[in-house]
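Letter by letter, the chains look like this.
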Amino acid sequence: MGVLVETSEFAAELRHRVRVAIRALDAAQVEGDGYAVDIRAGELESLRRIARENGVTLDDESDNDGDNDGNDGNGQAGVR
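The rules behind these values
- Residues numbered from 1 in each chain as written.
- Predicted model: local features only at pLDDT ≥ 70, side-chain atom pairs only at ≥ 80, totals over all residues.
- Heavy atoms only, no water.
- Core = buried A, V, L, I, M, F, W, Y, C linked by side-chain atoms within 4.5 Å.
- Buried < 20%, exposed > 50% of the residue type's maximum accessible area, 1.4 Å probe, protein only.
- Helix = DSSP H or I, 4+ residues; strand = E, 2+ residues; numbered from the N terminus.
- Salt bridge = Lys/Arg side-chain N within 4 Å of Asp/Glu carboxyl O.

Draft legend 1. Fine view of the nonpolar core. Counting 14 residues, the largest nonpolar core has Leu14, Val18, Leu44, Leu47, Ala51, Val56 and Leu58 as its most contacted members. For this core, the leading source of residues is helix α1 (residues 2–31), giving seven residues.

Draft legend 2. Seen up close, the pattern of salt bridges. Applying the stated criterion across every chain yields a total of two salt bridges. A salt bridge links Glu43 to Arg40; its shortest N-O distance comes to 3.2 Å. Residue Glu43 and its partner Arg40 are both found in helix α2 (residues 34–53); the two are separated by three residues, about one turn of the helix.

Draft legend 3. The environment of Gln29, seen in detail. Note that Gln29 resides in helix α1. A relative accessible area of 35% places Gln29 in the partly exposed class. For the pair Gln29 and Arg40, spaced eleven residues apart in sequence, the C-alpha to C-alpha distance is 9.8 Å.

Now the structure itself:
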């Protein structure tokens, strides 16, 4: 049973980090900070890769415009 708790904690923490990364990406985009956008987009991509590799489903599946930036193509981030 301990493994399930650890897995749930891992998934919850990963989802939290994705939400934080999306908010940071949104803020960088609003500020027009291209460098920060690149950094935050890379961070988000890494977190999504970790989730895929570990079978964690993220709540931000609304990034369906194909660019993996956490936004749905209408400027809306998928996880809040």
